[in-house]
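Listed below are the residues making up each chain.
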Amino acid sequence: MKKTFDVTSGTELRCKGWRQEALLRLLENVLAVGEDPENLVVYAALGRAARDWPSHDAIVETLKTMEEDETLIVQSGKPIGVMKTHVDAPLCVMANCNIVGQWAKSENFYKWEKENLICWGGLTAGDWQYIGSQGVIQGTYEIFSIIGERHFDSNLAGRFILTAGLGGMGGAQPLAGSMANAATLCIEIDPVRIQKRIEIGFLQYQAKDLDEALAMIQKAVEEKKAISVGLCGNAAEIYPEILKRGIVPDIVTDQTSAHDLVYGYVPHTRTLEEARSLRADHKDILMKEGRESIVQHVTAMLEFQKKGAIVFDNGNLIRTHAKDGGVEDAFDIPIFTEAFLRPLFCRAIGPFRWIALSNDAEDIRKIDDFLLERFADNDRVTNWIRLARENVPFEGLPARIAWIGHGERTELALAVNEMVKSGHLSGPVAFTRDHLDAGGMAHPNIMTEKMKDGSDAIADWPLLNAMMSCSSRADLVAIHSGGGGYAGYMTSAGITVVADGTDAAAQRLENSITNDTALGVMRYADAGYEESYDEIEKKNIKRIAL
Ligand code: NAD
């Protein structure tokens with residue numbers, strides 16, 4: 001019988017407290033909005049919610065029966081045990097996919113995954129923080145807006161964005177492009193993904209072929225109208241074809257799962273079905289052909305750049321594979337973090353999220369109202385909340401993301417906790433953030449590329465972050481490292497805290513959220529960024545400066 005993946009509504013508890021219930025609902029939610037829940041895959045080709053179904057079921061059973069003064073331990077998606085701790089300790093700690101340095105290679109990962117020793121949690125899959133494509137939408141929107149400000153008189157109306165990948169995260173691109181008023185063309189090899197994005201309202205149209213797609217884009221550009229068009233095809237073939245026709249988009253990027261040459265990226269030499277059938281026993285073929293295909297794909301991106309397009313890497317290691325394949329100048333394409341978002345991260349302004357655990361969308365709208373009033377003088381926040389409210393459909397449990405920083409996040413979380421306490425909201429709310437956040441990640445080809453002090457690959461920061469989150473009484477704390485194609489490329493930390501309206505929750509929220517962002521600001525200050533010094537001074541963060 002086919003499994004169904006639903007979220008739970010209302011306030012009836014199946015666990016012994018709201019904190020446990022919250023984690024259970026978040027686990028259900030990542031599957032409900034995930035890409036391939038039957039296989040526990042949430043997003044990014046292989047990012048799983050749990051190691052396997054027995055592990056999943058044991059986690060569910062444990063969350064239902066554990067006491068509030070106990071801690072569940074999860075190792076790479078498998079529950080290991082429950083220990084007596086205390087009511088202020090995290091309810092759940094996780095270490096997902098951490099491999100000792102010299103062994104952290106994708107080949108070892110695939111072998112150990114097959115032997116059921118490990119699984120990859122992505123960033124927000126294994127620790128049940130994923131909220132659907134919405135999770136990256138503001139980041140993508142901010143990037144497009146910053147490009148607009150820098151290069152197109154603050155207006156992307158009449159501008160053409162070319163990108164690829166309509167998966168769990170990439171699926172946010174067409175909607176973010178439309179919200180920035182651009183005409184966006186997304187190439188995607190899997191027709192099912194195109195259909196899914198249309199159904200959930202993130203993509204408007206599917207074109208039958210490249211001629212039709214380009215005609216739709218050209219018309220929208222001429223009329224300065226926002227449009228999003230999906231085209232089924234392989235980006236490694238279609239990018240060069242667009243180039244051959246002499247068309248140069250204004251902005252070019254890519255969000256195929258290029259990081260994983262086996263389970264993610266489909267080489268142009270194979271159909272989707274052929275690629276899938278080679279995954280189990282012919283990884284070497286897929287890795288070789290995938291790299292060759294990426295060489296073609298990135299060469300076209302570099303050509304677009306030479307012809308004047310604004311080209312950037314959207315965080316999928318595509319340049320890394322291209323360079324390994326011989327494209328010496330692949331890193332002439334900048335990474336989005338360093339090129340556009342770092343000044344925000346220096347102030348710990350990053351992708352903060354909250355999720356209405358009772359499944360009542362009205363709760364999110366009430367929190368929107370609070371933000372619009374409280375941040376009335378902050379255009380970035382109010383502009384985003386208004387746009388998101390109007391344009392971003394909810395998937396699974398209603399949730400919102402907003403890029404806010406140190407102090408602001410804490411203030412919001414405490415105000416929401418009060419709203420839960422007073423009954424203004426219909427149920428508790430979970431707070432979390434992407435791992436790709438100031439204090440949460442070391443990822444030298446994505447988050448921490450070209451740090452001012454050269455500390456790109458130093459992974460102490462996310463580890464300190466996780467330890468501080470435990471000491472600060474967060475409800476769930478996770479340390480993740482890269483799996484699949486990301487093996488050996490990154491380490492990150494995740495945190496979830498539940499606002500259940502109690503005084504104890506207020507303390508947990510205050511400590512964990514404040515310390516999380518404070519460490520983020522300190523990390524960038526330590527690397528020598530002026531914006532962080534300024535933030536430290538303004539917000540009275542107790543940094544020891546040597
Ligand atoms: P996903 O696996 O859910 O989707 C990837 C999509 O790419 C799939 O739909 C797949 O069919 C398509 N695809 C693969 N090869 C293709 C090709 N050659 N041509 C056209 N389409 C192709 O992955 P996702 O969650 O959407 O993530 C995409 C990438 O973005 C990953 O590498 C992920 O790690 C990265 N990522 C970046 C950020 C960020 O903040 N920028 C955040 C999350 C994930």
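Note that this is a predicted model, so its numbers are computed, not measured.

Asks: Please clarify how the sheet that holds strand 11 (residues 310-311) should be interpreted in this entry.
Replies: By definition, the strands of a sheet pair up through backbone hydrogen bonds, in either a parallel or an antiparallel sense. The 6 strands lie next to each other as 8-9-7-6-10-11, forming an open sheet whose pairing is parallel. If you trace the sheet from one side to the other, it starts and ends with strand 8 (205-207) and strand 11, each paired once. Across 6 bridges, the pairing between strand 7 (residues 183-188) and strand 9 (residues 227-232) is parallel. Bridging across to strand 9, glutamate 188 finds its partner in cysteine 232.

Asks: How do you make sense of empty space enclosed by the protein when you look at a structure like this?
Replies: Leftover empty space is mapped by rolling, across the atoms, a probe with the size of a water molecule. If you walk through the whole model with that rule in mind, you get 1 cavity of 30 Å³ or more. Lining the largest cavity, in full, are Phe352, Phe431, Thr432, Arg433, Ile495, Val497, Ser512, Ile513 and Asp516. Its residues placed into classes, the lining of the largest cavity shows 5 nonpolar, 2 polar and 2 charged.

Asks: Please clarify how the environment of isoleucine 131 should be interpreted in this entry.
Replies: By secondary structure assignment, the location of isoleucine 131 is in the loop between helix 3 (106-114) and helix 4 (137-151). Taking the C-alpha atoms as reference points, isoleucine 131 and asparagine 29, 102 residues apart in sequence, are found 7.5 Å from one another. Excluding residues within four positions of it along the chain, isoleucine 131 makes contact with Val33, Arg353, Ile355, Glu395, Ala399 and Ile401.

Asks: Any chance you could explain the side chain of aspartate 127 here in plain terms?
Replies: By the secondary structure assignment, aspartate 127 is in the loop between helix 3 and helix 4. The side chain of aspartate 127 is buried and forms no salt bridge, while arginine 433, the nearest opposite charge, is found at 7.4 Å. For aspartate 127, the side chain forms a polar contact with the side chain of histidine 435, separated by 2.7 Å. Sequence-distant contacts of aspartate 127, that is, excluding residues within four places in its chain, are made with Met94, His435, Leu476, Ala478, His480, Gly494 and Thr496.

Asks: Any chance you could explain the pattern of salt bridges here in plain terms?
Replies: It is possible for side chains bearing opposite charge to pair when their charged atoms get close. Enumeration over the complete set of coordinates arrives at 43 salt bridges. One salt bridge connects arginine 409 with aspartate 437, and the closest N-O pair in it is separated by 2.9 Å. Within this pair, whereas arginine 409 is found in helix 15 (residues 408-422), its partner aspartate 437 is found in the loop between strand 14 (429-433) and strand 15 (441-442), the two being separated by 28 residues in sequence. Considered together, arginine 409 and aspartate 437 belong to a single accessibility category, that of buried residues. What you see here is one network of salt bridges that share partners, running through Arg19, Glu68, Asp88, Arg473, Asp475 and Arg508.

Quick notes on the rules
- Position labels on residues start from 1 in each chain and follow its written sequence.
- Restriction of local features to residues with pLDDT of at least 70 applies here, the model being predicted, together with a cutoff of 80 or more for giving and counting side-chain atom pairs; totals for whole chains, interfaces and linings are based on all residues.
- Remark: hydrogens and water are excluded; side-chain values derive from all non-hydrogen atoms of the structure.
- Following DSSP output, two strands are said to pair if at least two bridges run between them.
- Secondary structure is summarised from DSSP: a helix means a run of H or I of at least four residues, a strand means a run of E of at least two, and numbering begins at the N terminus for each.
- Points on a 1 Å grid over protein atoms alone make up a cavity when a 1.4 Å probe fits among them but cannot get out, and a pocket when they form an open set with protein on both sides within 12 Å along at least five of seven lines; lining residues each have an atom within 4 Å of a point.
- Grid points are joined across faces, edges and corners, and a volume is the space filled by probe spheres set on the points.
- Classification convention: Asp, Glu, Lys, Arg as charged; Ala, Val, Leu, Ile, Met, Phe, Trp, Tyr, Cys, Pro as nonpolar; all other residues, Gly among them, as polar.
- Two residues form a contact once any of their heavy atoms are found within 4.5 Å.
- Note on classification: 1.4 Å probe, protein chains only; a residue is buried when its accessible area is under 20% of the maximum for its type, exposed when over 50%, partly exposed between these limits.
- The positive count covers Lys and Arg only, the negative count covers Asp and Glu only, and His and the chain ends enter neither.
- Salt bridge, as applied in this entry: a Lys or Arg side-chain nitrogen positioned within 4 Å of an Asp or Glu carboxyl oxygen.
- Polar contacts, as used here, are pairs of N or O atoms within 3.5 Å; protein pairs need one atom able to donate a hydrogen and one able to accept it. Residues neighboring in sequence count only if both atoms are side-chain atoms.

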